[in-house]
Structure formats: C-alpha cells, structure tokens
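Remarks on the overall topology
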Amino acid sequence: MKETEFIWKNGKLIKWSDATTHVLTHALHYGTAVFEGIRAYKTEQGTAIFKAAEHYDRLLESAKLIYMNPPYSTKELIEATQLLLKENKLESGYIRPLFYFGYGEMGLNPSKNKVDCIIAAWPWGTYLGEEGLKNGIRCKISSWTRIDSSVVPPLAKSAANYLNSGLAKQEALRCGYEEAILLNSNGRIAEGPGENLFLIKDNTLYTPDISENALKGITSKTIIECAKHLNIPFEYKSIIRDELFIADELFFTGTAAEVTPIREIDGITIGNGSRGPLTEKLQSLFFDIVSGRKTLNASWLTYA
Ligand code: PMP
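What you are looking at is a predicted structure, and each value in this text was computed from that prediction instead of being measured.

This part is about the overall build of the protein. The helix and strand inventory of the protein stands at eight helices and 17 strands. Taking 304 residues into account, the globule formula puts the C-alpha radius of gyration at 19 Å, and the protein, at 19 Å, falls close to it. Reported as C-alpha extents along the three principal axes, the dimensions of the protein are approximately 55 × 45 × 30 Å. Expressed as a percentage of its 304 residues, the buried residues of the protein come to 52%. Residue pairs in contact within the protein that sit at least 24 positions apart in sequence constitute 72% of those at least 6 positions apart. Carbon together with sulfur atoms contributes 51% to the accessible area of the protein, which is approximately 14200 Å² in total. Seen as two clouds, the 34 positive and the 36 negative side-chain charges of the protein have centres 3 Å apart.

Attention now goes to the packing of aromatic side chains. Under the definition given, this model contains eleven aromatic pairs. An angle of 55° between the planes, with centres 5.6 Å apart, marks the rings of Tyr94 and Trp122 as tilted. With Tyr94 in strand 6 (residues 93–101) and Trp122 in strand 7 (residues 115–122), this pair connects stretches of sequence that are 28 residues apart. Accessibility assignment for this pair places Tyr94 and Trp122 in one class, buried. A connected cluster of aromatic rings, assembled from ring pairs, spans Phe50, Phe286, Phe287 and Trp300. We note Lys237 situated over the ring of Tyr206; from NZ or CZ to the ring centre the distance is 5.8 Å.

Attention now moves to the nonpolar core. Counting 27 residues, the largest nonpolar core has Trp8, Tyr56, Met68, Ile95, Phe99 and Ile119 as the members making the most contacts within it. Mapped onto this core, the elements with two or more residues apiece are strand 1 (6–9), strand 4 (38–43), helix 2 (52–65), helix 3 (74–87), strand 6 and strand 7. Broken down by element, the residue count for this core peaks at five residues, all from helix 3. Once residues lying within four places of it in the same chain are set aside, the contact partners of Trp8 are Leu13, Tyr72, Leu77, Ala80, Leu84, Cys117, Ile118 and Ile119. Counting 21 residues, the second largest nonpolar core, distinct from the first, contains Ala48, Ile200, Ile223 and Val290.

To continue, consider the packing of helix 6 (residues 218–229) against helix 8 (residues 277–290). Viewed as axis vectors pointing N to C, helix 6 and helix 8 meet at an angle of 110°, and their least axial separation amounts to 10 Å. As far as their axial angle goes, helix 8 and helix 6 are roughly perpendicular. At the point where helix 6 passes helix 8, the crossing takes the right-handed sense. Every residue of helix 8 that contacts helix 6 at Thr219, Thr222, Ile223, Cys226, Ala227 and His229 is listed here: Leu282, Leu285, Phe286 and Ile289. Its residues assigned to classes, the contact of helix 6 with helix 8 shows seven nonpolar, three polar and no charged.

On inspection of all chains with the given rule, the structure shows 16 salt bridges. For Lys51, the salt bridge goes to Glu225, with nearest N and O atoms at 2.9 Å. Taken as a pair, Lys51 in the loop between strand 5 (46–50) and helix 2 and Glu225 in helix 6 lie far apart in primary sequence, 174 residues in all. The exposure class assigned to Glu225 is partly exposed, which follows from its relative accessible area of 24%. A salt bridge links Lys237 to Glu243; its shortest N-O distance comes to 2.7 Å. Overlapping salt bridges, with partners in common, bring together Lys51, Lys221 and Glu225 in one network.

Quick notes on the rules
- Residues numbered from 1 in each chain as written.
- Predicted model: local features only at pLDDT ≥ 70, side-chain atom pairs only at ≥ 80, totals over all residues.
- Heavy atoms only, no water.
- Helix = DSSP H or I, 4+ residues; strand = E, 2+ residues; numbered from the N terminus.
- Rg over C-alpha atoms; globule rule 2.2 N^0.38 Å.
- Buried < 20%, exposed > 50% of the residue type's maximum accessible area, 1.4 Å probe, protein only.
- Contact = heavy atoms within 4.5 Å.
- Areas by Shrake-Rupley, 256 points an atom, 1.4 Å probe, with all protein chains shown as cover.
- Lys, Arg positive; Asp, Glu negative; His and termini not counted.
- Charge placed at Lys NZ, Arg CZ, Asp CG, Glu CD.
- Phe/Tyr/Trp six-rings, centres within 6.5 Å; stacked < 30°, edge-to-face > 60°.
- Lys NZ or Arg CZ within 6 Å of the ring centre and 35° of its normal.
- Core = buried A, V, L, I, M, F, W, Y, C linked by side-chain atoms within 4.5 Å.
- Axes fitted to C-alpha atoms, helices over the stretch in contact; angles between N-to-C directions.
- Parallel < 35°, antiparallel > 145°, perpendicular 65-115°, else oblique.
- Left-handed = near helix turned anticlockwise from the far one by under 90°.
- Nonpolar A, V, L, I, M, F, W, Y, C, P; charged D, E, K, R; others polar.
- Salt bridge = Lys/Arg side-chain N within 4 Å of Asp/Glu carboxyl O.

Take a look at the structure:
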C-alpha cells in the first residue's frame with residue numbers, strides 16, 4: 001500500500017502513522033466493523049469521487065444492519081473525504097471508510113463501546129490488472145458458499161462477512177486462478193468475492209439480484225444505467241452455473257475491479273476467450289463516465 005500523509009479519524013485529520021488502535025478493540029476480535037470502497041478519479045475538472053453519496057448511504061445501511069449507530073451523516077462524510085483528498089494531494093485513488101466498535105467492553109454485545117470512524121485514501125491502480133481489464137481473467141467456481149441472509153446480512157459490507165470472500169479469493173489464487181465465483185446456498189450464482197457478475201447471452205445483459213445474496217453493487221447499478229443508455233436490453237435473473245459456461249460474454253463489476261471481463265471458468269473458455277464486444281462497449285462508457293469525459297448524470301461525480 002502506498003502511504004499518504006493523513007487519515008481522517010472521528011472528525012479530525014491525523015498523521016497516517018498515528019492512526020493506530022488498541023489490541024482489545026472489539027472489531028478486531030469479532031469483526032464488528034463496516035466499511036466502504038470508493039474510488040476517486042483524475043478528471044479535467046480535478047479529482048472526482050465516483051458516486052460518493054451512494055457509497056456513504058450504503059455504509060450507513062451496513063451500520064444499521066449490524067446494530068451500529070455511527071454519529072455522521074452522508075453529507076458530513078463526503079465533506080470529510082473531500083478534505084482528506086485535498087490535504088493528501090491525491091489526484092486519484094482508493095478511499096476506505098471504516099466504522100468499528102472500539103475499545104471498551106469485551107464479549108458479544110458491543111452496544112456500550114464507542115463507534116470509531118476513520119477514512120483513509122491512497123493511490124491504487126487496477127485491482128485485477130491492466131491485462132485483465134483488456135483480455136479477461138480466469139476464474140474458479142468456489143468451494144465456499146456465499147454467506148446467506150439467515151446467517152449474517154449479505155447486504156452489509158461488514159468486516160466479518162469478508163472472511164467468506166477472503167477464503168474464496170485465496171482458494172482461487174492457490175489453485176492458479178485469478179478470481180473466484182461464489183454460488184449461494186441454493187446453488188445459484190451469487191457474485192465474486194468483491195465483485196458483482198454480469199452475463200450476456202443473445203445480446204441481453206443479465207445479473208443476479210440481491211435475493212441471490214449478492215451485494216447491492218454501485219458499479220453494477222452504473223453498468224445497468226450504461227446498458228440503458230446504449231439500448232442493450234437488461235434483466236435481473238437467477239443464474240445457474242451451466243449458463244456461465246454457455247454465455248456469450250461474462251464480466252465482473254466492482255469499485256476495485258471496475259469492469260473486468262472473464263475469459264475462462266474452471267478450464268472452460270467463455271465466448272470468444274477474450275473481452276466480448278458488448279463488454280467492451282459498456283467498459284468504455286464506464287471509464288468515460290468516471291473520468292468525466294461523458295456525463296449521464298452530473299451528480300455521480302463529487303469534486304474534491
Ligand atoms: N460484491 C462484494 C462482496 C463486494 O465487496 C463488492 C465491492 N464493494 C461488490 C460486490 C461490488 O460493489 P461496488 O460496485 O459497489 O463496489
């Protein structure tokens with residue numbers, strides 16, 4: 001990770017190296033934290049945070065889902081992020097807000113513990129590689145099942161949920177793949193460990209909806225909006241594994257992964273074995289939007 005000068009903590013900017021916490025912090029023991037991943041892009045009009053309000057609204061929803069009451073509003077958190085980017089002189093990068101139950105009581109009820117809130121930001125390039133963005137990546141269907149809403153809330157970006165994602169990611173890497181695809185407890189396609197999944201068949205775009213235990217992806221929503229703009233038909237759909245293998249095109253979306261084509265799953269070539277034509281169109285429009293070259297909705301970019 002490339003360090004920057006400041007981290008925002010509980011309303012103040014502090015030095016990166018001073019942003020430490022006690023070993024008995026509640027979240028460290030029980031995963032009682034929620035977070036976001038946001039990107040800021042360099043544009044001709046300056047540094048732009050992509051869909052800032054959507055990300056902070058989702059962070060507050062994640063908090064609600066784990067019975068946490070953070071003391072900040074979306075508006076305050078956006079202002080804190082603008083300040084952080086400016087003071088760190090970041091033209092582009094990754095933004096990581098984290099709300100966590102801090103030091104105090106031990107045990108499974110953290111309701112008396114303080115909620116500590118931090119926002120960090122640092123330069124970060126592509127998550128799955130430039131080559132992956134262009135030519136696609138190789139995936140494994142995970143042996144780990146995506147978490148289910150009867151166990152923990154899959155709509156929350158909670159730290160605890162990411163043990164599931166992290167195991168799937170590491171298993172895929174250990175087996176020689178670049179990324180995992182998780183099925184849900186009904187054997188339907190859920191998503192990647194940190195990405196939503198899209199399928200194209202006969203010129204129509206499909207993705208599983210949240211009832212399949214996928215996260216409510218902000219990039220996913222953007223791609224659906226791009227498809228509308230490009231007159232590509234779209235439907236939410238319950239997807240079985242077989243449909244992946246006979247898809248014309250597949251790709252992942254996510255703040256980190258952006259729009260990454262999938263060229264192979266478990267040794268089976270998908271479509272033409274590279275980035276498909278509709279994926280390329282959607283990906284190109286996506287990058288034009290985030291970098292301010294094209295505008296579908298002016299409220300999507302917040303300048304720092
Ligand atoms: N699913 C999971 C499990 C994720 O962690 C992410 C990344 N936030 C996504 C999907 C994609 O969501 P978004 O486009 O909002 O980053």
